[in-house]
Amino acid sequence: MKKWKGLLFGIVYGLVARGIIALDADGSYIQTGGLMTISFLFFVPLTIGLITAYYNDTITSSSKILGLSMPLFAIMGTIGISVIFGYEGIICAFMALPIFAVMALLGGYIGVNIFHRSKDTKNDKLYISLFVMLPFLMAPLENYFGLTDKVFSEETTITIVASETEVWKNITRVKKISKQENHLSLFQVMGFPRPIQAELDTVAIGGIRKAIFDRGLFFTETINEVVPNKILRFSIKADPASTPPEALDEHVMVGGKYFDILEGKYEIEKKNNGTLVLHLTSQFRLSTSFNFYSGYWGKLIMRDIQKNILNIIKARSERLSKH
């Protein structure tokens, strides 16, 4: 049991810290700002790595590699238990894992190379206690300053050998997408619902386009700009209250506190060689304390979603042009 004491302490601390910091989301008097904070995403895994390494009794001068690797197992255990018991969604687990791993390794390095070398056990435990309390001391401060809103833009393009008319048809109204057409991609592996179809009442400014996704998710899109066979721009509105809980994790709920998709734009560009380049641009909002990190994931996911849609439009347009 002593061999795994550090691992056990690390996992228990991670789960307890998650539970306490998450209380704010339930309206508790403990105003921590919730899980979408630097306190949770950066300092909790740092402390997990530190205490896992420090309390790992098997560490010797020849087993530092084991001491440095054990924090990774503690992180996987913490995230795995949270996902299995439904406290965390797969999407958020994917997004948190890289930074959790880096911070846990840093904490493990500190635990092995600083505290394990020290002979001052009393002061070591005092410093470790400060690390343990750090996320809970910082979280209320983050909550006081609130979240930071930032709007991002992501553009994806694809070359299509088809007429502008055929491409335009597949942009304005997307017929039901079969599972064979919808190739498995990163955003679906992470748990995002797959697109099913898009319905448009009229191709004109003010027209309403309804984008329907798997698991009951849908967006209401209002047409703001139309240039036939060239540009289709629309604002996007999602109602979090009408989105089934199983469709998206609360931390990535479209139209929610942390994430929203604001606008989409298709633009057809005609090349001299007769081919077309279809541009799909989206604007989305992120509201976190770490937009520098969440923004990277947001752009990656939006790029993947848009690439999937463009591939479907390309295949359909080129198939129709051959007939």
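Scoring rules and cut-offs
All residue numbers refer to position in the chain's written sequence, counted from 1. The predicted nature of this model means local features are confined to residues of pLDDT at least 70 and side-chain atom pairs, given and counted, to a pLDDT of 80 or more, with totals for whole chains, interfaces and linings taken over all residues. Where side-chain values are given, they derive from all heavy atoms of the structure, hydrogens and water being excluded. Numbering of helices and strands runs from the N terminus, with a helix taken as a DSSP run of H or I at least four residues long and a strand as a DSSP run of E at least two residues long. Throughout, exposure labels follow a simple rule: accessible area from a 1.4 Å probe, protein chains only, divided by the maximum for the residue type, with under 20% read as buried, over 50% as exposed, and the rest as partly exposed. Contacts are assigned to residue pairs that have any heavy atoms within 4.5 Å of one another. With residues, only the protein chains shown are counted as cover, and all accessible areas are computed by Shrake-Rupley using a 1.4 Å probe. Any helix carries an expected span of 1.5 Å times its number of residues minus one. Bend is the name given here to the angle between axes fitted to two runs of seven residues, the run ending at a residue and the run starting at it. Counted as salt bridges are all cases of a side-chain nitrogen of Lys or Arg within 4 Å of a carboxyl oxygen of Asp or Glu. Remark: nonpolar core denotes a set of buried residues (Ala, Val, Leu, Ile, Met, Phe, Trp, Tyr, Cys) joined through side-chain atoms within 4.5 Å. Pairing between strands is defined by DSSP: at least two bridges between them are needed. Axes here refer to lines fitted to C-alpha atoms; in helices the fit is confined to the stretch in contact. Angles between the N-to-C directions go from 0 to 180 degrees. In this scheme Phe, Tyr and Trp rings, the latter by its six-membered ring, pair at centre separations within 6.5 Å, and the angle between planes marks the pair as stacked below 30 degrees, edge-to-face above 60, and tilted otherwise. Two limits define a charge over a ring: the Lys NZ or Arg CZ must be within 6 Å of the ring centre, and within 35 degrees of the ring normal.

Draft legend 1. How the structure looks around the overall build of the chain. Each helix and strand in the chain was counted, giving eight helices and seven strands. In the chain, buried positions account for 49% of the 323 residues. Across the chain, contacts joining residues at least 24 apart in sequence account for 68% of those joining residues at least 6 apart. When the accessible surface of the chain is split by element, carbon and sulfur atoms take 63% of a total near 16,100 Å².

Draft legend 2. Seen up close, the environment of Leu 200. In this fold, Leu 200 is placed in strand S2 (residues 195-200). Spatially, the C-alpha atom of Leu 200 lies 8.9 Å from that of Glu 221, the residues being 21 residues apart in sequence. Filtering out sequence-adjacent residues up to four positions away, Leu 200 remains in contact with Thr 172, Arg 173, Gly 207, Ile 208, Arg 209 and Ile 223.

Draft legend 3. Highlighting unusual backbone geometry. Although it is not a glycine, Arg 215 sits at a positive phi angle of roughly 65°. By the secondary structure assignment, Arg 215 is in the loop between strand S3 (208-213) and strand S4 (218-227). In this structure Arg 215 comes out as partly exposed when scored by relative accessible area, which is 33%.

Draft legend 4. Just helix H2 (residues 38-54), in detail. Here H2 is 17 residues long and its end C-alpha atoms lie 23 Å apart, about the 24 Å a rise of 1.5 Å per residue gives. The sharpest bend along H2 reaches about 25° and sits at Val 44, with the proline Pro 45 one to four residues further on. Counting buried positions along H2 yields 15 of 17 residues, so the element is predominantly enclosed.

Draft legend 5. Focus on the side chain of Arg 316. With respect to the helices, strands and loops of the structure, Arg 316 is situated in helix H8 (residues 291-322). In this structure Arg 316 comes out as buried when scored by relative accessible area, which is 8%. Apart from the residues within four sequence positions on either side, Arg 316 is in contact with Asn 170, Val 174, Lys 175, Lys 176, Ile 177 and Glu 181.

Draft legend 6. View of the pattern of salt bridges. What the rule picks out here adds up to twelve salt bridges. In this structure, Arg 303 engages Glu 154 in a salt bridge whose closest nitrogen and oxygen atoms are separated by 2.9 Å. Here the residue Arg 303 occupies a position in helix H8, and Glu 154 occupies one in strand S1 (residues 148-160), the gap between them amounting to 149 residues. By relative accessible area, Arg 303 is classed as partly exposed at 35%. Taking relative accessible area as the criterion, Glu 154 reaches 5% and is therefore assigned buried. In this structure, Arg 209 engages Glu 221 in a salt bridge whose closest nitrogen and oxygen atoms are separated by 2.7 Å.

Draft legend 7. How the structure looks around the nonpolar core. Ranked by size, the top nonpolar core spans 73 residues in total, and within it Val 167, Phe 219, Tyr 266 and Leu 278 carry the most contacts. Excluding residues that lie within four positions of it along the chain, Phe 219 makes contacts with Arg 209, Lys 210, Ala 211, Phe 213, Ile 236, Lys 237, Ala 238, Val 254 and Ile 261.

Draft legend 8. Up close: the sheet that holds S2. Read across the open sheet, the seven strands follow the order S1-S7-S6-S5-S4-S3-S2; overall the sheet is antiparallel. If you trace the sheet from one side to the other, it starts and ends with S1 and S2, each paired once. This sheet shows a mean twist of 20° between the axes of neighbouring strands, independent of strand direction. Alignment of strand S5 (residues 231-237) against strand S6 (residues 259-270), held across five bridges, turns out to be antiparallel. Residue pairing for S6: Ile 231 is matched across the bridge by Glu 267.

Draft legend 9. Geometry of the packing of aromatic side chains. Counting across every chain of the model gives eleven aromatic pairs. Put simply, the rings of Phe 9, Tyr 54 and Tyr 55 touch in pairs and so form one group of aromatic residues. The ring of Phe 234 has Arg 209 lying over it, and the distance from NZ or CZ to the ring centre is 5.3 Å. Its guanidinium or amino end placed over the ring of Phe 218, Lys 210 lies 4.8 Å from that ring's centre, counting from NZ or CZ.

Purely geometric numbers; function is a separate question.
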